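Chain by chain, the residues:
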Amino acid sequence: MAEEDNYTKDGTLDYRNNPANKKKTGTWKACPFILGNECCERLAYYGMSSNLLVYFTTQLNQHNATASKNLSNWSGTCYVMPLVGAFLADAYLGRYWTIASFSIIYVLGMTLLTLSASVPGLRPTCYNKDECYATSSQTAVCFLALYLVALGTGGIKPCVSSYGADQFDDADEVEKDHKSSFFNWFYFSINIGALIASSILVWIQVNIGWGWGFGVPAVAMAIAVAFFFSGTRVYRYQKPGGSPLTRLCQVLVASLRKYRVAVPDDKSLLYETADAESAIVGSRKLDHTNQFRFLDKAAVEKESDHNKGSVNPWWLCTITQVEELKGIIRLLPVWATGIIFSAVYGQMGNLFLMQAEYMDARLGHSNFQIPAASLAIFDTISVIFWVPVYDRLIIPMTRRFTGHKNGLTQLQRIGTGLFISIFAMISAVILEIVRLRIVRRHNSYEVKVGPISIFWQVPQYFIIGCAEVFTNIGQLEFFYEQAPDSMRSLCAALSLTTTALGNYLSSLLVTIVMDISTRDGRPGWIPNHNLNYGHLHYFFLLLAVLSVLNLGVFIVVAKRYSYKRAVGTLR
C-alpha cells in the first residue's frame, strides 16, 4: 500500500477505517515520546533561562533595569516566534516536520550559548566571581545564541501540545475522554523538567560555572530531540491544510465585496460543499452561528460566483471557512485576558529574583546558600502537587455540582486561575513591605542581605503554581478545542503570545514607572543599585490591581462566549 493511501480525505492517518493503523499508532502509546521530549526541552529552556537575570547583571555587567528589560524582551520573543512556527506547521510542513526542523535550530542556539560562556575570547572577562566585564561583541554573541533559541522554540511550543492531542481521535468517545487528561499530564511533564532546572542546574551555574550551567541544558535539548524522533513509527500524522491566513483573508475580501448583498434568514441557503467532508484539508465542517453576520455575506451565492463550474474563493466562501474566521474572532477577547496573568507569571524569573537578592539565602544556620533562581522550584512543586489533585480529586468533586464531564468548563478553569493569581501579587506586596520595615528598623540601607529568610518567598511561588494548573492548562485545552481543526497550531501559538505580551507589558510598566518615579533625583520604585531605597511593593501592587480589573473583564467575556460546534456533534 502506498503511503498516501494511509490517509483519509481530511488529511489524517486513516486509523479509523484501518484497524491495523489504529492499534499501532496514537493514544497513550505515542504520548511517552511526546511527554519525554517536552520534559527534556523544558529542562533545557528553564535550566538556561531561570538564572539569566543574574547572568546579565553579574557576567555581562548590565544595570538592574536594563537586565530586566532585556530579559523581558527576549522572553517575549520566545513567545512571539511560535506564530511563525505555527503558520508553517498548519500551512506547509505539518506539526511533525516543524518540530523536527526547529529543534535543530534550538540545539545550535544552545550550543553557541554554551560556547559564549566557556570559550576564552567569547566569554566575559572576570576579575572576581561576580565582577565581570563583557565587550560589545561578547554580548552580541550571547544574544545571538539566545535569539536562535527563541527561533527554535517558535517551532516547538505551538506544535508539541497540539501534536500530542492529535494522537486522540475526536470521533472515538473513549479516546476523546483521555484528551483532557493528556493536557494535565503534558503540563506535569513540563514541570518535572522545570523542577530539575530550577534546582540542580541553577546550583551548577552559581557554584560550578556558567559553561557547565549552559552546557547541561544543551545536552538535555539533544536528548529531547532523540526522544521525539524515537516515536516516529507510532505517531498519528495530519497533513497541513494550506495557508490559514489566506483563507481568513478570502472571507474578509468576499464579505466586503458583497457588502450590499442581504444575508438570507435561512442558513441552508448559504454556500457549503455537498460532500460530507469539508473542502479544507484537515478540518471538519462547522455549523453556522449567528454572530458576526456581516461575514456571512461571503457565503451568499450569486450567479457570477460560479465561473465555468469552478468557484473563486475570493468571491464565495463556504460556511466552514466563514466560521473559521468567526472562531478566531471569538477567541481574541479570551486571549487578551491572558496578558495580565502572563505579566504576573513572568515576575518569577524577573523581579522576584531581584527581591530575593536582598534576603538571607542561607539554609537554616548553615553556610549553604540557596540560589535565588532556585526558589522557582516551589512553583514547580506546586504544579506537580496540584495537577494530580486536580485530575483525581477536583474533577470528580466539581462534576457532582456542575454535571460537566470535566468538572469545570475550560473558561471556568481559566477564570479560577486568574482569581488565584491575584493573591500571589498580594503575597509579594506584603513580603516587600515587611522587608523594607526591617531595613528601616535597623537602618541597614547599605546592607544588601537583610535578616529575613528567602523562604518567605515560597507562598507567592506556590500560589502562582496553583494558578498555573487552572489557567495555563485550561488555556492549552481551550485553544486546542475551540480552534478550527486546521488552525490548531496557529491558535496554540496565539495563546502563547499572551506570555510574550505579558513580558512586554512588564517591560513597558517598568519603563513607565521608572520614568515617573525617578523624577527630581529620586531613586524610583526599582533603583539600579540598591533595592532598599526603592518601592518594589508598589509595582507588585500595581500588578495586583490590574489582575483584579482583568478578572472582571474575563467574567464578562466568558459569559458571552459561544463554543465551537462541528457538524454532527453536540458541541
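Keep in mind that what you see is a predicted model, and the values were worked out from it rather than measured. (Residues numbered from 1 in each chain as written. Predicted model: local features only at pLDDT ≥ 70, side-chain atom pairs only at ≥ 80, totals over all residues. Heavy atoms only, no water.)

Assigned secondary structure in the protein consists of 17 helices and four strands. For the protein, whose C-alpha radius of gyration is 25 Å, the value lies close to the compact-globule estimate of 25 Å for 571 residues. Taken along the three principal axes of its C-alpha coordinates, the protein extends 85 × 50 × 50 Å. For the protein, with 571 residues in total, the buried portion stands at 58%. (Helix = DSSP H or I, 4+ residues; strand = E, 2+ residues; numbered from the N terminus. Rg over C-alpha atoms; globule rule 2.2 N^0.38 Å. Buried < 20%, exposed > 50% of the residue type's maximum accessible area, 1.4 Å probe, protein only.)

Moving on: the packing of helix α10 (residues 319–336) against helix α15 (residues 458–482). For any two helices packed against each other, the geometry is given by the interaxial angle and the distance between the axes. It is at 11 Å that the axes of α10 and α15 come closest, and there the two elements cross at 170 degrees. With respect to α15, the element α10 is oriented roughly antiparallel. For the pair formed by α10 and α15, the contact residues are L331, V334 and W335 on the first element and F478, F479 and Q482 on the second. Tallied by class, residues from the contact of α10 with α15 come to five nonpolar, one polar and no charged. (Axes fitted to C-alpha atoms, helices over the stretch in contact; angles between N-to-C directions. Parallel < 35°, antiparallel > 145°, perpendicular 65-115°, else oblique. Contact = heavy atoms within 4.5 Å. Nonpolar A, V, L, I, M, F, W, Y, C, P; charged D, E, K, R; others polar.)

Our focus in this paragraph is the nonpolar core. General note: in soluble globular proteins, nonpolar side chains tend to be found buried as a group. Counting residues in hydrophobic clusters, the biggest one holds 155 residues, and the most contacted among them are M48, L52, Y55, F56, W74 and L146. For this core, the element with the highest residue contribution is α15, accounting for twelve residues. (Core = buried A, V, L, I, M, F, W, Y, C linked by side-chain atoms within 4.5 Å.)

Considering the arrangement of structural elements, one finds Q355 in helix α12 (residues 351–356). Spatially, the C-alpha atoms of Q355 and A372 are 8.9 Å apart, while their sequence positions differ by 17 residues. Setting aside its immediate chain neighbours within four residues, Q355 contacts A428, L431, E432, Q457, Q460, L531, L536 and F540. Within the structure, Q355 has its side chain in polar contact with the side chain of E432 (distance 3.0 Å). (Polar contact = N/O pair within 3.5 Å; in protein donor to acceptor, adjacent residues only side chain to side chain.)

What follows deals with helix α17 (residues 536–560). With 25 residues, α17 should cover 36 Å at 1.5 Å per step; its first-to-last C-alpha distance of 37 Å lies within 8% of that length. Within α17 the residues assigned to the buried category are L536, H537, F539, F540, L543, A544, S547, N550, L551, F554 and V557. In the core, the buried residues of α17 are packed alongside α10, α11 (338–346), α12, α14 (410–442) and α16 (488–517). (Expected span 1.5 Å × (residues − 1).)

Moving on, we get to the side chain of Q62. In this structure, Q62 sits in the loop between α3 (52–58) and α4 (64–80). The class for Q62 is buried, based on a relative accessible area of 15%. One polar contact links Q62 to N70, side chain to side chain, over a distance of 3.1 Å. Aside from chain neighbours lying at most four places away, what touches Q62 is F56, T57, A67, N70, T139 and F143.

A few words now on the packing of helix α6 (residues 136–165) against α16. With their axes 8 Å apart at the nearest point, α6 and α16 run at an angle of 125 degrees to one another. The angle between α6 and α16 falls in the class oblique. The element α6 and its partner α16 pack so that their crossing is right-handed. Across the interface between the two elements, K157, P158, C159 and S162 of α6 pack against R488, S489, A492, A493 and L496 of α16. In terms of residue class, the contact of α6 with α16 is built from five nonpolar, two polar and two charged. (Left-handed = near helix turned anticlockwise from the far one by under 90°.)

Before going further, it helps to examine α6. Residue pairs spaced three or four apart in an α-helix point in one direction, given the helix's 3.6 residues per turn. End to end, α6 covers 44 Å across 30 residues, agreeing with the expected 44 Å (1.5 Å per residue, within 8%). At C159, α6 is bent by approximately 35 degrees, the largest bend along its length. Within α6, 22 of the 30 residues are buried, which leaves it mostly tucked inside the rest of the structure. (Bend = angle between axes of the 7 residues up to and from the residue.)

Secondary-structure assignment places S517 in helix α16. Under the relative-accessibility criterion, S517 is labelled buried at 9%. In this structure the side chain of S517 is engaged in a polar contact, spanning 2.5 Å, whose partner is the backbone oxygen of V513. Among all residues touching S517, those that are not within four sequence positions of it are R522, G524 and W525.

By definition, a disulfide links two cysteine residues through a covalent bond between their sulfur atoms. Throughout the structure, instances matching the rule amount to one disulfide. Lacking any disulfide linkage, C40 is separated from the closest cysteine sulfur, that of C39, by 5.4 Å. C40 gets classed as buried once you look at its relative accessible area, which sits at 14%. Here C491 is not cross-linked by a disulfide; its sulfur's nearest cysteine counterpart is in C159, at 12 Å. The exposure class assigned to C491 is buried, which follows from its relative accessible area of 1%. (Disulfide = S-S within 2.5 Å.)

According to the stated counting rule, one finds 36 aromatic pairs in the structure shown. For the pair F87 and Y92, a centre-to-centre distance of 5.8 Å together with 75 degrees between the ring planes defines the contact as edge-to-face. Grouping aromatic residues by their ring pairs yields a cluster made of Y96, W97, Y163, F228, F229, Y235 and Y237. Here R42 stacks its cationic end above the ring of Y45, 4.3 Å away from the centre of that ring. (Phe/Tyr/Trp six-rings, centres within 6.5 Å; stacked < 30°, edge-to-face > 60°. Lys NZ or Arg CZ within 6 Å of the ring centre and 35° of its normal.)

Attention now moves to the pattern of salt bridges. For the structure on display, the rule yields twelve salt bridges. The salt bridge partner of R95 is D90, with a shortest N-O separation of 3.4 Å. Taking relative accessible area as the criterion, R95 reaches 8% and is therefore assigned buried. Measuring nitrogen to oxygen at the nearest pair gives 4.0 Å for the salt bridge that ties R330 to E323. Taking relative accessible area as the criterion, R330 reaches 8% and is therefore assigned buried. Under the relative-accessibility criterion, E323 is labelled buried at 3%. Three or more residues joined by partner-sharing salt bridges are found here, namely D296, E323, K326 and R330. (Salt bridge = Lys/Arg side-chain N within 4 Å of Asp/Glu carboxyl O.)

Look at N61: it is not a glycine, yet its phi comes out positive at around 60 degrees. Position of N61 relative to the elements: it lies in the loop between α3 and α4.

There is a patch of nonpolar side chains on the surface, built from W203, I208, W212, L363 and F368 and spanning about 550 Å² of accessible area. With respect to the element layout, W203 can be found in helix α7 (residues 173–207). (Patch = residues over 30% accessible without salt bridge, like charges linked within 9 Å, V, L, I, M, F, W, Y side chains within 5 Å. Areas by Shrake-Rupley, 256 points an atom, 1.4 Å probe, with all protein chains shown as cover.)

Before going further, it helps to spend a moment on the pairing of strand β1 (residues 125–128). Where β1 and strand β2 (residues 131–133) come together, three bridges link them in antiparallel fashion. Bridge pairing links T125 to Y133 in β2. Taken together, β1 and the strand that follows it, β2, pair antiparallel across an intervening segment of two residues. (Pairing = 2+ DSSP bridges.)

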